[in-house]
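Understanding the architecture of this molecule
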Amino acid sequence: MILLHWYALFVETGQEETVQRSLKQQFDPTILMSLVPKRKVPEKKMGHTQHVLRKMFPGYVLIQTSMNADRYHSLRRIPHVLRMLTNGRKNEHNPESFQLSSIHDVEIAHLLKLLDATEILEYSTLQILSNSNIHVVAGPLQGMENLIKKVDRHKNRATLQLPFLGEPRSIEVGIHIMYPPQTSE
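Throughout what follows, the structure given in this document is the object of discussion. This one's a predicted model, so the numbers in the text were calculated from it and none came from an experiment.

To continue, consider the overall build of the protein chain. Scanning the protein chain from N- to C-terminus turns up three helices and 14 strands. For the protein chain, with 185 residues in total, the buried portion stands at 37%. The contacts of the protein chain with a sequence gap of at least 6 include a subset with a gap of at least 24, amounting to 59%. Summing over all exposed atoms, the protein chain offers an accessible surface of approximately 11,300 Å²; the carbon and sulfur share of this is 50%.

Looking now at the nonpolar core. Met56 and Leu62 are the most contacted members of the largest nonpolar core, which has 29 residues in total. Counting only elements with at least two residues in this core, the list comes to strand 1 (5–11), strand 5 (60–65), helix 3 (105–114), strand 10 (124–128), strand 13 (157–164) and strand 14 (167–178). Residue contacts for Met56: discarding those within four places in its chain leaves Pro37, Lys38, Arg39, Leu111, Leu115, Leu121, Leu162 and Ile171.

Before going further, it helps to examine helix 3. One full turn of an α-helix is made of 3.6 residues, so residues set three or four places apart face in the same direction. Burial in helix 3 covers these residues: Glu107, Ile108, Leu111 and Leu114. Mapping the buried residues of helix 3 onto a view down its axis gives an arc of 125°, with all of them on the same face. Exposed residues on helix 3 whose side chains face more than 90 degrees from its buried face are Asp105, Val106 and Lys113. Of the surrounding secondary structure, the elements contacted by the buried residues of helix 3 are strand 1, strand 5, strand 9 (120–121) and strand 13.

So, about the pattern of salt bridges. Applying the stated criterion across every chain yields a total of nine salt bridges. Note that Glu17 is salt-bridged to Lys55, the shortest N-O span being 3.7 Å. Remark: Lys55 occurs in strand 4 (residues 48–55) and Glu17 occurs in helix 1 (residues 16–26); sequence separation between them is 38 residues. For Glu17, a relative accessible area of 24% puts it in the partly exposed group. According to the relative accessible area criterion, Lys55 is partly exposed, its value standing at 25%. Here Lys38 makes a salt bridge to Glu119, at a shortest N to O gap of 4.0 Å. Here Lys38, found in strand 3 (residues 38–45), pairs with Glu119, found in the loop between helix 3 and strand 9; they are 81 residues apart in sequence, far enough to count as distant. A relative accessible area of 14% places Lys38 in the buried class. Using a relative accessible area of 14% as the deciding quantity, one classes Glu119 as buried.

All right, on to the packing of aromatic side chains then. Going through the model one piece at a time under the given rule, you end up with three aromatic pairs. A centroid spacing of 5.5 Å and a plane angle of 55° characterise the contact between Phe10 and Tyr60, whose relative ring orientation is tilted. Of this pair, Phe10 sits in strand 1 while Tyr60 sits in strand 5, placing them 50 residues apart in sequence. Judged by relative accessible area, Phe10 falls into the partly exposed class, the value being 25%. Taking 3.8 Å as the distance between ring centres and 10° as the angle between the ring planes, the aromatic pair formed by Phe57 and Phe164 counts as stacked. Of this pair, Phe57 sits in the loop between strand 4 and strand 5 while Phe164 is found in strand 13, placing the two residues 107 residues apart along the sequence. Aromatic rings pair up to connect Phe10, Phe57, Tyr60 and Phe164 into one cluster.

Pairing is mixed in the open sheet, where three strands are placed in the order 4-3-9. Strand pairing shows two members of the sheet lacking a second neighbour, strand 4 and strand 9, which therefore form its edges.

What counts and what doesn't
Residues numbered from 1 in each chain as written. Predicted model: local features only at pLDDT ≥ 70, side-chain atom pairs only at ≥ 80, totals over all residues. Heavy atoms only, no water. Helix = DSSP H or I, 4+ residues; strand = E, 2+ residues; numbered from the N terminus. Buried < 20%, exposed > 50% of the residue type's maximum accessible area, 1.4 Å probe, protein only. Contact = heavy atoms within 4.5 Å. Areas by Shrake-Rupley, 256 points an atom, 1.4 Å probe, with all protein chains shown as cover. Core = buried A, V, L, I, M, F, W, Y, C linked by side-chain atoms within 4.5 Å. Arc of directions from axis to C-beta. Salt bridge = Lys/Arg side-chain N within 4 Å of Asp/Glu carboxyl O. Phe/Tyr/Trp six-rings, centres within 6.5 Å; stacked < 30°, edge-to-face > 60°. Pairing = 2+ DSSP bridges.

Structure representation (structure tokens):
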């Protein structure tokens, strides 16, 4: 059984989809799978709300593969790939090279759970309870309330704190807000 790990390619910002297309052309999906996670967010322009897609991690393309020297060098030759993330330590068997850092299983599991089949984090419906607690009624954040750090009711956005490459990353995502029914006294 071949072990597949997730890695991060650092690419020129704005070229993530171009790199992903190149990866799909050069590699069979059973050998290498790529991912450019996106999030849907509401943006107001001239009084109208538009629902736009933004990259979750600009400048990164995530890949799942079984890394070897040939694959590494093939990846480095793809246009717009700047480098692969390393842990900064030299490889003891080859002092000229670095050890590649794979993305921790817990980090990628959180991310994959949030994304749909088209690599997009869609809106979740949140209910703001009377004691300012948040309950996710529907959507990808359901059961993951602990990731929500802030809710902006005016912009219909929530700030998530996701672990990514060993650091907490703040990401704004679009939400629908459902208020509890008002009780009359």
